[in-house]
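Here are the chains, one letter per residue:
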Amino acid sequence: MRTWAILLGGLLVWAGHFFALYGIGEFAGESAASRGAVLLLTASGLAADAVLAWRLLPLSRAGEFMRWRARVALGGLALSALAIVWQALPALIG
Amino acid sequence: MRSETGFDPALYDRFPTKEPRPEGEEEELRRIWCKPKGWEYLTVVNNNYVGIYYLGTAFLFFLMAGVLALLMRAQLAAPMLEILPQATYNQVFTMHGTVMMFLFAVPAVEAAGVLLLPQMLAARDLPFPRLSAYAFWAYAVGGLCFFASIFVGLAPDGGWFMYPPLTSKAYSPGINTDFWLLGIGFIEISAIAGAIEIIVGVLRTRAPGMSLDKMPIFAWAMLVFAVMIVIAFPSIILGTLLLEIERAFNWPFFDAARGGDPLLWQHLFWFFGHPEVYIIFLPAAGMMSMIVATVAKTELVGYRLIVLAMLATGFISFGVWAHHMFTTGMPPMTTGFFSAASMAVSLPAGLQVFSWIATLAIGQRSFNAPGLFVVGSIVIFVTGGLTGVMVAMVPFDWQAHDSYFIVAHLHYVLIGGMVFPLFAAFYYWMPMVSRRALSERLAKWVFALMFAGMNIAFLPMHLAGLQGMPRRVYTYLPGQGFELPNLVSTIGAFMLGLGVLLFLIDLARNFRLAPGGGNAGNVYDGATLEWLPSELYSARSIPVVRSREPLRDDPRLAGDVAKGRHFLPGSATGHRETIVTSPLLAEPQYLQIMPGPSAWPFAAAVFTAGFFLALTVQAYSFAWVSAILAVVSILRWLWETDRPVRDEEVDIGAGIMVPTYVTGPASHGWWTMVILLVVMAMIFIMALFSLAFLASNQPAFWAPPPSMAAGLPIYFLYGAAFLAALAARPLLKRDARWPVGLFFASAFAAGSALWLDWTGWSAAGLAPQASGQGAVIAALQALQAFAVGTGLLMAAYCAARVARGLMTQPRSNTVDLAMLFLCYTAAQGLTGALFGRAIGMT
Ligand code: HEM
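Residues numbered from 1 in each chain as written. Chains lettered and ligands numbered in written order. Predicted model: local features only at pLDDT ≥ 70, side-chain atom pairs only at ≥ 80, totals over all residues. Heavy atoms only, no water.

- The name that an unreviewed UniProt entry assigns to chain B is Cytochrome c oxidase subunit I+III, with the source organism given as Sphingopyxis italica.
- As recorded by UniProt, the Sequence similarities (unreviewed entry) comment attached to chain B reads in full: "Belongs to the heme-copper respiratory oxidase family."
- The Subcellular location (unreviewed entry) comment attached to chain B in UniProt states, word for word, "Cell membrane". (UniProt positions renumbered as here; feature names shortened; annotations may be inferred.)

## A word on the overall build of chain B
- Scanning chain B from terminus to terminus reveals 24 helices and six strands.
- A compact globule built from 842 residues should have a C-alpha radius of gyration of about 28 Å, and chain B, at 27 Å, falls within 12% of that.
- Principal axes of the C-alpha set define a box for chain B whose edges measure 80 × 70 × 50 Å.
- Sorting the 842 residues of chain B into buried and exposed places 63% on the buried side.
- Partitioning the intrachain contacts of chain B with sequence separation of at least 6 by distance along the chain shows that 81% fall at a separation of at least 24.
- One way to put it: in chain B the 47 positive side-chain charges average out to a point 4 Å from where the 47 negative ones average out. (Helix = DSSP H or I, 4+ residues; strand = E, 2+ residues; numbered from the N terminus. Rg over C-alpha atoms; globule rule 2.2 N^0.38 Å. Buried < 20%, exposed > 50% of the residue type's maximum accessible area, 1.4 Å probe, protein only. Contact = heavy atoms within 4.5 Å. Lys, Arg positive; Asp, Glu negative; His and termini not counted. Charge placed at Lys NZ, Arg CZ, Asp CG, Glu CD.)

## So, the UniProt feature "transmembrane region" (unreviewed entry) in chain A
All names here are of chain A.
- Per the UniProt record, "transmembrane region" (unreviewed entry) is found at residues 36–57 and 69–89.
- As annotated, residues 36–57 comprises 95% helix and 0% strand, and the C-alpha atoms at either end are separated by 32 Å.
- Segment residues 69–89 splits into 100% helix and 0% strand. End C-alpha atoms: 31 Å apart.

## Overview of the coordination of the iron atom of the ligand
Residue and element names in this part refer to chain B.
- Only His96 (NE2) and His411 (NE2) from the protein reach the iron atom of the ligand as donors, at distances of 1.9 to 2.1 Å.
- Given six donor atoms and angles of 89 to 179° at the metal, the environment of the iron atom of the ligand is assigned as octahedral. Taken together, the residues span a long stretch of sequence, with His96 in helix H3 (residues 86–121) and His411 in helix H13 (residues 404–433) at a distance of 315 residues.
- Here His411 falls in the buried class, since its relative accessible area comes to 16%. (Donors = N, O, S within 2.8 Å, 3.2 Å for Na, K, Ca; no water. Tetrahedral: all angles 85-135°; square planar, octahedral: opposite > 155°, others 65-115°.)

Take a look at the structure:
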């Protein structure tokens, strides 16, 4: 489970952020408060990615498999951060 | 992480073994994994046969849907033609789209998984061969009956996404729509069965040492594909169920005049429908990655990035479903989110394409048959991807929506992303299953005709679409500028058809099935394990894997494996068996004894298909008889499994001992049940989403739910049901008889809670026909009733096994599975009771 959580951490953060944004758009509608919530969620998503990356760095990389796991996980976190900012833009600048 | 399970990796150094193997070992393997004769071809369960049946049937559907495409193109070749009357055209485009998507594309890639994965992972077979056989027969029988509807003019005609209100009883009164709803719902069940098999197969039956980072990229693709099916397909199963119930019993889920909402269908459909595109694309991309590396005679560039891209696609593709609904008037902010995610999803797809191009660029390009199709696929898929980014932009989509531009886009994506890779795969892996490879000379013609035909057919459609030609029209007036693009499209479509015909001729000349050995062999010099010499039992021994391309890195491996110098060189128990390994590092854990051929999966599939077909034509008594027979067949097939094992531990090679039976979370049966429960949970979650969606969009129709406090006895009963099921497992370990009664107690407690819940809602004045809220609440109760009924059946099954002395102390997988299911049933009921009350509470 731990390895899967490490491998998929960034993507899970992305999924949480996306579905929360969808929930706001679909069920709360468009308002200043909704935009504020999007901003807050985006900041939290990025913070979660940063924390995961921070915790990943000191993890052991002994052995091929561990190195591979760390690199895929870091890639996932980078992609997640990018996609989170990108998908929040319509609410933040729109 | 040195070891995942406590297994000492130093033991791998014992392989290849040096001692001579005992006489007769190979003969025994041949006897156990024997060839079928005569009618036994209907009862085979080996992946070598089932995979070929599956792929052959999927290809048959491709041909039949292709013929429908040519009919449409003939009709549209010139304005005002009357080859297909309007109503028939509607049926033909609906069947073409539906058959291509549901009966060809998904089953074809699933079939490729069933055929290739055991060989690639060096397992003897997938872990549930009978489930594969059931999935195949259900699909084949159901699919052929569904297709036959077109010959009697009863084929569905509402388009492949079947939007209500067009498909409601008021506007589609015939049974055509029911054919689609029941047929597709049923076929999706078969797809899910296959997906469960693939997930457990990839995670638990890899060759020892094949850790996740050494897994062939196709196996990664199939893993992500199967997980996506488990998450996405429940949504369409629920959607088809609700629409069919609306049509049959007048429960207004999608009727806006009574508190339903047709947009709910669109959400349910596209939550499945868009990931479906990636569900089709990912395995094809996996094949491409395997083939590109072999064709370029080099290692795949960016293996790690491709794995990441596949995982990311699996996630992000669930955030794009509403881009099919940009024109429905969704709130602008929501539209913006979906537009952004739709663009973001092109990033991982792009990563894969760049990796293929880089691999081809640094390797030694050879334009043999698979190589040509790979390059063709990249060109076509990238074109489709670019128009995809165009339509992800909302203002452009408003212009192009429902026009021929979309028809062009979707065919570029599907043909480039799936059909061309599949043809590359046909050429590439044919020597693995056939005595002769396909002709390289003819392949050049096949490719040229298909590639040119594809572009000539679909490029002009962009133009026709931008000029304003709508999709799904059976003809058009002269003088609107549509004549030339349509004529060119038709010529291209027939060229493409000719290419496929030539391929069929090649197949007829060269394809000679060789499941029991004697295949053409590794003609393209592939480096992964499916190219080990193999027979019906797969490779003679199961190799220790030390790299991603074992055959390239260790040229002696094939010889050693064939001489039985690796794991499981013979049969350890005298039964069919394979090694179950740990999910991350693939360390040997135990020996799985596998079931052999059986007629029950076939019978179960025929009766399940009979049930759905009879429901469609409203022969209700026949439907119930079929349903009962299907359940009996499934129970009969299960009855033979999970038997006591004589040897508790066996030597699987070089003196390494493993158990022959394990229970609990380490067993592959436990994993399967958990995945099945995820499927059920997804269906339930989508039903809860439906309730929330209607509450937010149709508040005027919302009645106050019963109070939370009034639900206390219900919560208590569900809690008791959960605890009773949980307690049964440890107690059954001590005494294998009376604690089975706890399973009955659990099912009865859950049934009573359900009854109380329903009476509460009835007392609050809610009726399923009266409003969308009533309909969804009743649907939630029906789902719960299904779970409770199944739980009761499981309790009875356990009791019958106890009575027959088949429940072996102190452990049994059957008990574990019943416990898991009943606990889930209680948890689902509790969640439903709370959620229904919470939504719309004042
Ligand atoms: C073999 C070449 C093919 C040709 C010539 C072809 C042609 C067509 C035509 C003419 C239409 C109907 C357009 C309309 O009236 O709106 C259509 C629709 C469609 N096609 Fe194909 N097609 C081909 C292959 C495929 C493949 C391989 C797939 C999927 C794997 C596919 C999936 C679809 C879908 C989903 C639709 C939409 C049906 C609907 O509107 O409900 N087609 N195709």
